[in-house]
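Descriptive analysis of the structure
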Amino acid sequence: MSTSLLSEAAELSSQQIIELFDRYVIGNYRRFPVALVRGEGSFVWDAEGRRYLDLFPGWGCNLLGHCPPAVVEAVREQMGKLIHVPNTWYTEPQGRWAQLLSERSFGGKAFFCNSGAEAVEAAIKLVRLHTPKGRYKIITFEGSFHGRTMGALSATAQPKYHEGLEPLAAGFVYAPWGDLQAVADLIDEQTAGILIEPVQGEGGIRIAQPEFLKGLRQLADEHQLLLVFDEVQTGCGRTGRWFAYQHFDVVPDIITLAKGVCGGLAGGVMLTKPEIGPSLRPGMHASTFGGNPIAARAGVATIQTIEREGLLPHVQELEQLFREQLTDLQSRCPLVREVRVLGVMIGVELAIDGAPIVQKCLERGLLVNCTQQTVIRLLPALNLTKEQAQEGCALLSEVIMSFCG
């Protein structure tokens with residue numbers, strides 16, 4: 001696109017941009033009738049100049065808010081040096097990124113890709129490659145969400161995502177969330193692994209009980225299975241620790257990461273214990289753009305920013321703030337059934353459909369999400385200020401209270 005066309009596009013109204021999409025873009029997303037043109041921190045602006053407080057930035061991908069300066073600068077610098085080379089070559093940014101992730105996790109090795117679904121696909125392959133021939137089944141959990149590629153979709157135990165896409169990939173069996181005995185009953189001589197989100201994100205911010213995760217670790221050890229934690233939403237500090245597994249005193253064999261791992265750029269990672277990684281031998285799996293210099297520099301800058309700005313302790317303070325504010329709302333509004341918070345993963349379960357709440361918040365200049373039809377989900381930036389958190393809670397509370405009358 002020429003510079004003149006880019007300038008012209010930047011001046012379009014929201015309605016003109018929507019009309020452009022209607023003509024040229026497949027309508028596979030339900031979009032709000034708003035065109036966003038700029039973001040900074042926890043705020044975004046639409047084409048008409050209206051500002052919104054974003055408590056669900058980038059579907060949780062904008063871990064440091066919109067356009068974090070350190071990530072922007074790292075990417076700009078790298079763009080002038082080396083944009084992309086295939087993984088048949090070594091690059092320092094990818095090696096450095098792997099080191100930082102390893103040192104903050106269980107000392108494992110990394111495979112790089114571009115998204116959470118890709119990371120889960122890699123984990124599925126690795127589970128099968130690492131276990132004896134004939135063992136291929138993976139146990140997953142009702143309410144889970146692991147991605148939309150066919151393998152990750154087959155692992156996702158929510159029938160609504162399967163409609164029209166059957167037959168699914170073979171080898172996945174589903175257990176009720178939190179039912180350890182059900183998991184034990186599903187294990188047979190063909191079982192190779194267990195895949196679980198320590199906190200179900202799309203499933204409604206459902207936080208696993210420590211005893212349940214410890215029980216899964218014990219079952220995996222007893223039956224020589226691989227335990228995989230899907231930390232696509234929970235990883236890289238969102239829960240107040242680098243990884244959610246660190247809250248539960250349970251170390252998985254494999255973790256998958258994406259969303260916020262590159263501070264808003266596309267990136268995915270599978271981390272494995274050192275003794276497991278070599279089973280993903282050359283020729284068995286690959287990702288053309290995985291771990292490219294741009295994503296790697298963004299990943300490094302994201303980790304460095306989290307540490308330099310002391311964001312893990314800050315997230316723990318935000319957790320307390322959100323819990324107090326929303327628990328107070330629950331005490332005043334009978335429509336609020338439950339409040340679930342871990343770090344800056346927040347779920348407010350309602351007794352009514354949450355879609356009108358989301359729409360009303362949008363009208364008030366607040367961006368939130370609804371999942372599972374009745375759960376208002378917030379995944380704010382780690383560097384959200386306490387003042388912004390207070391403002392967001394107050395607006396959300398006012399909107400929900402307006403439905404209580």
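Refer to the structure presented above.
This text gives an overview of the structure that appears in the document. (Residues numbered from 1 in each chain as written. Predicted model: local features only at pLDDT ≥ 70, side-chain atom pairs only at ≥ 80, totals over all residues. Heavy atoms only, no water.)

1. Some details on the sheet that holds strand E1 (residues 36–40)
On the basis of which strands lie adjacent, the open sheet formed by 4 strands has the order E1-E2-E3-E15 and mixed pairing. Only two strands of the sheet have a single neighbouring strand rather than two, namely E1 and strand E15 (366–367). For strand E2 (residues 43–46) and strand E3 (residues 51–54), the ladder comprises 3 bridges, and the chain directions are antiparallel. Bridging from a neighbouring strand, Trp 45 pairs with Arg 51 of E3. (Pairing = 2+ DSSP bridges. Helix = DSSP H or I, 4+ residues; strand = E, 2+ residues; numbered from the N terminus.)

2. Structural notes on the packing of aromatic side chains
Here the structure, examined in full by the defined rule, presents 9 aromatic pairs. With a centroid separation of 6.5 Å and 50° between ring planes, the pair formed by Phe 43 and Trp 45 is classed as tilted. Here Phe 43 and Trp 45 have matching classes, each one buried. Plain terms: the ring middles of Phe 56 and Trp 59 are 5.0 Å apart, the flat faces sit at 75° to each other, and that makes the pair edge-to-face. Residue Phe 56 is classed as buried on the basis of its relative accessible area of 7%. Through a chain of ring-to-ring contacts, the aromatic side chains of Phe 106, Phe 243 and Tyr 245 assemble into a single cluster. (Phe/Tyr/Trp six-rings, centres within 6.5 Å; stacked < 30°, edge-to-face > 60°. Buried < 20%, exposed > 50% of the residue type's maximum accessible area, 1.4 Å probe, protein only.)

3. Notes on the state of the cysteines
Applying the stated criterion to the full structure yields 1 disulfide. Of all cysteine sulfurs, the one in Cys 262 lies closest to Cys 61, which takes part in no disulfide; the gap is 9.8 Å. Summary of cysteine pairing: Cys 113 is not part of a disulfide, and the nearest cysteine sulfur, belonging to Cys 262, is at 9.9 Å. (Disulfide = S-S within 2.5 Å.)

4. Considerations on unusual backbone geometry
A cis amide bond links Glu 166 with the next residue in sequence, Pro 167, at an omega value of 5°. Along the chain, the position of Pro 167 falls in the loop between helix H6 (150–155) and strand E6 (172–175). A positive phi angle is found at Trp 59, which is not glycine, with a value near 60°. Considering the arrangement of structural elements, one finds Trp 59 in the loop between E3 and helix H3 (69–79). Given the relative accessible area of 48%, Trp 59 is considered partly exposed. The phi torsion at Gln 224 lies on the positive side, around 55°, for a residue other than glycine. Mapped onto the secondary structure, Gln 224 falls in the loop between helix H8 (210–223) and strand E10 (226–230). Overall, Gln 224 belongs to the exposed group, its relative accessible area being 60%.

5. Focus on H3
All of the buried residues in H3 are Val 71, Ala 74, Val 75 and Gln 78. For H3, the angular spread of buried residues about the axis comes to 95°, placing them on one side. Away from its buried face, by an angle of more than 90 degrees, H3 presents the exposed residues Pro 69 and Arg 76. In this structure, the buried residues of H3 make contact with helix H4 (92–104) and helix H9 (293–308). (Arc of directions from axis to C-beta. Contact = heavy atoms within 4.5 Å.)

6. A few points about the pairing of E10
For E10, the tally of buried residues reaches 5 of 5 residues, placing the bulk of the element in the interior. On E10, burial covers both faces: Leu 226, Val 228 and Asp 230 on one face and Leu 227 and Phe 229 on the other are all buried. Here E10 runs beside strand E11 (residues 254–257); their pairing, made up of 3 bridges, is parallel. Bridged to Val 228 within E11 is Ile 254.

7. Regarding the pairing of strand E14 (residues 345–350)
In terms of residue burial, E14 counts as a mostly covered element, since 5 of its 6 residues are buried. As judged from the 6 bridges shared by strand E13 (residues 336–342) and E14, these two strands associate in the antiparallel manner. The residue of E14 that forms the bridge with Arg 340 is Gly 347. The antiparallel pairing of E13 with E14 creates a hairpin that spans 2 residues between the two strands, and Gly 343 there sits at a positive phi of about 60°. Sheet topology places E14 next to strand E17 (residues 375–378); 4 bridges connect them, and they run antiparallel. Bridge pairing in E17 places Val 348 opposite Ile 376.

8. As for the pattern of salt bridges
Summed over all chains, the structure comprises 16 salt bridges. As a salt-bridge pair, Lys 81 and Glu 77 come within 3.6 Å of each other at their nearest N and O atoms. A residue is classified by how much of its surface remains accessible, and Lys 81, at 58% relative accessible area, is exposed. Between Glu 202 and Lys 160 there is a salt bridge, and its shortest N-O distance comes to 3.9 Å. One end of the pair, Glu 202, is in the loop between strand E8 (199–200) and strand E9 (206–207); the other, Lys 160, is in the loop between H6 and E6, with 42 residues separating them in the sequence. The network of salt bridges with common partners includes Arg 217, Asp 221, Asp 253 and Lys 273. (Salt bridge = Lys/Arg side-chain N within 4 Å of Asp/Glu carboxyl O.)

9. Digging into the environment of Cys 361
The residue Cys 361 is located in helix H11 (residues 355–363) in this model. When its relative accessible area of 1% is taken as the criterion, Cys 361 is described as buried. Residues Cys 361 and Gly 134, spaced 227 residues apart in sequence, show a C-alpha to C-alpha distance of 52 Å. In contact with Cys 361, not counting residues within four places along its chain, are Leu 366, Val 368, Leu 396 and Val 399.

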